[in-house]
Amino acid sequence: MAAPLPIAWLNGEFVALAEARISPLDRGFLFADAVYEVLPVYNGRPFLFNAHIGRLERSLNALGMETPLTRAEWATLLTELIRRNGPGDQYVYIQVSRGAEFGRNHAPNPALSPTIFLMSSPLSALDEAVRKCGVDAVTVPDERWARCDIKSTSLLPNILAKGAAARAGATEAILLAEGHLREGSSSAVLTVRNGVIYAPPEGNEILPSTTRALALELARRLDIAIRLEPVAESDLRSADEIMLGFATRGVLPVCRLDGQPVGRGEPGPIWTQLQTAFEGYRAAVQPLPIHLEA
Ligand SMILES: Cc1ncc(COP(=O)(O)O)c(C=O)c1O
């Protein structure tokens, strides 16, 4: 993964990322009492701005925190951070913690000001090898908490799962619980059987993925049938196609699961259609200015 770009934003100021400092008493550091977002940036503009900022607002709300900036203020801030970090596609990381206080107190202090941090990193285009051969995934048990719909920085089980995938030479760890598919350690998972997309319904067990929402919308426009229902582990293992959705990478085809070929072991026709639609959608919307939705 490429090194982050040099300019960050911390609590109201643009700063050199290498110089940025926060207190060790920050609740994000002490308790992972923080939420985050990751937005891709193409052609100098955040992609799916309202979906990402809307999810950040939802995560903050779930922690009982106010949203610290309006959508118009987020748009201005993101545009300036992206401009300062120069041309080329990027992805912006936003983290909002409940703030720093004097001492280590579990109960949140409502008087604290949040710590707001943004940085940006280069975003690489889809790898030709992935386009041709897809990626590997492994399955692991889902050991996370009961509110996986909140995009919290408390990611230890996700990190352990991703570590297991890396040790197996795979791109992603797909999480299973009670004999069913949940999602990836940092991605949404869609499966295909007989031309129909199957994926678990939204709920507390999975993150509401921006990429999955767009992929499903594009599938509807292509008249591809969609069933949002629990996906049994056996159906995952015998799927014709498996796809991962990440904001930073789009939709990727999984061609090997636990070392076994998925379908024919190559990117499938539904992924190919969605990828073409995804690229077309991006090319159509990215020249447009940010449109702020409520
Ligand atoms: C656990 C988890 N699920 C799903 C996703 C995909 O969400 P998005 O498509 O908005 O990147 C992510 C992305 O970070 C994630 O961490």
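Above this note sits the structure.
All of these numbers come straight from a predicted model, not from anything done at the bench.

Q: Lay out a nonpolar patch on the surface in plain terms, naming residues and giving numbers.
A: Taken together, the side chains of Leu-156, Ile-159 and Leu-160 make up a nonpolar region of the molecular surface, amounting to roughly 330 Å² of accessible area. One can find Leu-160 in helix H5 (residues 156-167).

Q: I'd love a proper account of the layout of surface pockets, names of residues and values included.
A: Of the volumes computed, that of the second largest pocket is approximately 350 Å³. Lining the second largest pocket are 15 residues, with Leu-48, Phe-49, Asn-50, Tyr-281 and His-291 positioned closest to its centre. If you list the elements that add at least two residues to the lining of the second largest pocket, you get strand E4 (45-46), helix H2 (49-62) and helix H8 (269-285). The element that contributes the greatest number of residues to the lining of the second largest pocket is H2, accounting for three residues. Residue classes in the lining of the second largest pocket are distributed as ten nonpolar, three polar and two charged.

Q: Got a sec to walk through the packing of H2 against helix H3 (residues 71-84)? Specific residues and values, please.
A: Any two packed helices are characterised by how steeply their axes cross, that is the angle between the axes, and by the distance between the axes. The N-to-C vectors of H2 and H3 enclose an angle of 120°; their axes lie 11 Å apart at closest approach. As judged from the angle between their axes, H2 and H3 are oblique. Note on packing geometry: the crossing formed by H2 with H3 is right-handed. Contact residues: H2 offers Phe-49, Asn-50, Ile-53, Gly-54, Leu-56 and Glu-57, while H3 offers Arg-71, Trp-74, Ala-75 and Leu-78.

What counts and what doesn't
- Residues numbered from 1 in each chain as written.
- Predicted model: local features only at pLDDT ≥ 70, side-chain atom pairs only at ≥ 80, totals over all residues.
- Heavy atoms only, no water.
- Patch = residues over 30% accessible without salt bridge, like charges linked within 9 Å, V, L, I, M, F, W, Y side chains within 5 Å.
- Areas by Shrake-Rupley, 256 points an atom, 1.4 Å probe, with all protein chains shown as cover.
- Salt bridge = Lys/Arg side-chain N within 4 Å of Asp/Glu carboxyl O.
- Helix = DSSP H or I, 4+ residues; strand = E, 2+ residues; numbered from the N terminus.
- 1 Å grid on protein atoms, 1.4 Å probe; cavity = no way out; pocket = protein on both sides within 12 Å on 5 of 7 lines; lining within 4 Å.
- Points joined across faces, edges and corners; volume = space filled by probe spheres on them.
- Nonpolar A, V, L, I, M, F, W, Y, C, P; charged D, E, K, R; others polar.
- Axes fitted to C-alpha atoms, helices over the stretch in contact; angles between N-to-C directions.
- Parallel < 35°, antiparallel > 145°, perpendicular 65-115°, else oblique.
- Left-handed = near helix turned anticlockwise from the far one by under 90°.
- Contact = heavy atoms within 4.5 Å.

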